[in-house]
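# Commentary on secondary and tertiary structure
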Amino acid sequence: MGRKTIDFGETLDQYIDFAVKQGGYKTEAEYLRYLVRKDEERNRAFLITKAAVQEGLESGVSPKVRTAEEIVTLAKKRALGKTDVNQHG
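Each value, and the rule that gives it
Residues numbered from 1 in each chain as written. Predicted model: local features only at pLDDT ≥ 70, side-chain atom pairs only at ≥ 80, totals over all residues. Heavy atoms only, no water. Salt bridge = Lys/Arg side-chain N within 4 Å of Asp/Glu carboxyl O. Helix = DSSP H or I, 4+ residues; strand = E, 2+ residues; numbered from the N terminus. Buried < 20%, exposed > 50% of the residue type's maximum accessible area, 1.4 Å probe, protein only. Axes fitted to C-alpha atoms, helices over the stretch in contact; angles between N-to-C directions. Parallel < 35°, antiparallel > 145°, perpendicular 65-115°, else oblique. Contact = heavy atoms within 4.5 Å. Nonpolar A, V, L, I, M, F, W, Y, C, P; charged D, E, K, R; others polar. Phe/Tyr/Trp six-rings, centres within 6.5 Å; stacked < 30°, edge-to-face > 60°.

## Some points on the pattern of salt bridges
For the structure shown, the criterion picks out three salt bridges. The shortest N-O distance in the salt bridge between Glu41 and Lys38 comes to 3.7 Å. In this pair, Glu41 and Lys38 both sit in helix α2 (residues 28-59), three residues apart, roughly one turn of the helix. With relative accessibility at 55%, the residue Glu41 sits in the exposed group. Taking the shortest distance from any N to any O, the salt bridge between Arg44 and Glu40 comes out at 2.6 Å.

## A look at the packing of helix α1 (residues 9-23) against α2
For the pair α1 and α2, interaxial distance at closest approach is 9 Å and the crossing angle is 95°. As summarised for this structure, α1 and α2 are arranged roughly perpendicular, according to the angle between their axes. Where α1 abuts α2, its residues Asp13, Tyr15, Ile16, Asp17, Ala19 and Val20 lie against Glu28, Tyr31 and Leu32. Across the contact of α1 with α2, the residue classes break down as six nonpolar, no polar and three charged.

## Section: the environment of Lys21
By secondary structure assignment, the location of Lys21 is in helix α1. Look at Lys21 and you get exposed, because its relative accessible area is 67%.

## Things to note about the packing of aromatic side chains
Across all of its chains, the model carries three aromatic pairs by this definition. Here the aromatic residues Tyr25, Tyr31 and Tyr34 are joined through ring pairs into a cluster of three or more.

By themselves these figures say nothing about function.
What follows is the structure in structure tokens.
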């Protein structure tokens, strides 16, 4: 398990103490782990999507020329399982 040393400053330190006491947490570490887990849950989908977009940008321009309508139609077919993902590229 990783160990971190963090200086929150006096104001945040006081708030953490307050939140631990009022929120029913046993320790500051328990409260901070809770906050990190909530942040991870909230941001997971965004970060996965961001990575996929970046991968797409880095892959370059497709050599195939298709209209937006063709792309949307193929995407719908893929979503419905009516065609193989690699069938059209």
